Amino acid sequence: MRNLIVATSNPGKLQEMQEYLIGLNWTLKLKPPEIEIEETGQTFLENAILKASQVAKALEEWAIADDSGLAVEALNGAPGLYSARYGNSDRARIERVLKELGDNQNRQAKFICAIAVARPDGSIALETEGICQGEILKTPQGKQGFGYDPIFYVPSHQQTFAQMTPELKRDVSHRGQAFATLLPKLKKLSP
Ligand code: IMP
């Protein structure tokens, strides 16, 4: 079995990513904390490619990275690429989005997830993107998940990401959509 380095240091994301990858013919390893990649890309996909490629090259191993975030329509796509840096804690980030949105009637939002897999020489073997459409609630609901989950309501399931079981979120989320197209290709790549 080949090693696959998971290039993230966000524990919530790491746990979700590991669950998608269980059962595959890859041995998952965590990125050592001393390898830090600056997210200087202009898009989620550019950042995922940057992280996967640089971690792969540094360790001379296969690597997988994702970059994701929330885009709120009435905020012109914010927090977008700055989702992780929109405040000092999940709570502060949620409060900032709710404050900026205020009573705006347009609550449309989407989560976006880009994933890239890099070969040990840093070249990109796979890339994909997944999207989940939803609405921003006025008050947080639910205790599961991480990040903006308590304010992200998915009308087709009538609950927020934070009210979903981890299994349901895994299926419907932006990360779920991205992994659905990625996993069959990743299986073909493993020896
Ligand atoms: P990055 O991909 O590590 O740059 O950061 C993405 C940020 O977007 C996270 O820190 C969260 O704030 C947010 N985010 C990404 N995916 C999710 C999710 O599934 N639920 C809630 N927040 C998310």
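Refer to the structure printed above.
Residues numbered from 1 in each chain as written. Predicted model: local features only at pLDDT ≥ 70, side-chain atom pairs only at ≥ 80, totals over all residues. Heavy atoms only, no water.

## Some remarks on the nonpolar core
Convention followed: For our purposes a nonpolar core is just a set of buried Ala, Val, Leu, Ile, Met, Phe, Trp, Tyr and Cys residues, chained together by side-chain atoms within 4.5 Å. Exposure categories follow from relative accessible area, calculated using a 1.4 Å probe and restricted to protein chains: below 20% of the type maximum is buried, above 50% is exposed, and the middle band is partly exposed. Numbering of helices and strands runs from the N terminus, with a helix taken as a DSSP run of H or I at least four residues long and a strand as a DSSP run of E at least two residues long. By the convention used here, residues are in contact when the closest approach between their heavy atoms is within 4.5 Å.
Counting residues in hydrophobic clusters, the biggest one holds 20 residues, and the most contacted among them are Leu70, Val72, Val97, Ile136, Tyr148, Phe152 and Phe161. Looking at this core, the elements with two or more residues in it are strand E3 (62-72), helix H3 (90-101), strand E4 (108-118), strand E5 (124-136) and strand E6 (152-154). With four residues, the single largest contributor to this core is H3. Among all residues touching Leu70, those that are not within four sequence positions of it are Gly77, Ala78, Pro79, Gly80, Ser83, Ala109, Lys110, Phe111, Ile136, Tyr148 and Phe152. Listed in part, the 19 residues of the second largest apolar core include Leu24, Ile64, Phe179 and Leu186.

## What to know about the packing of aromatic side chains
Formally: The rule is short: rings of Phe, Tyr and Trp, with Trp giving its six-membered ring, pair when the centres are within 6.5 Å, and they are stacked under 30 degrees, edge-to-face over 60, tilted in between.
Inspection of every chain in the model, using the stated rule, returns five aromatic pairs. Look at Tyr20 and Phe179: their rings are 4.4 Å apart centre to centre, the planes differ by 15°, and that puts the pair in the stacked class. A residue pair is termed long-range when its members are at least 10 positions apart, and Tyr20 in helix H1 (residues 11-21) and Phe179 in helix H5 (residues 174-189) qualify at 159 residues. Grouping residues by exposure puts Tyr20 and Phe179 together as buried. Ring centres of Phe111 and Phe161 lie 5.5 Å apart, and the angle between their planes is 10°; this geometry places the pair in the stacked category. Of the two residues, Phe111 sits in strand E4 while Phe161 sits in the loop between strand E7 (159-160) and helix H4 (166-172), which places them 50 residues apart along the sequence. Accessibility assignment for this pair places Phe111 and Phe161 in one class, buried.

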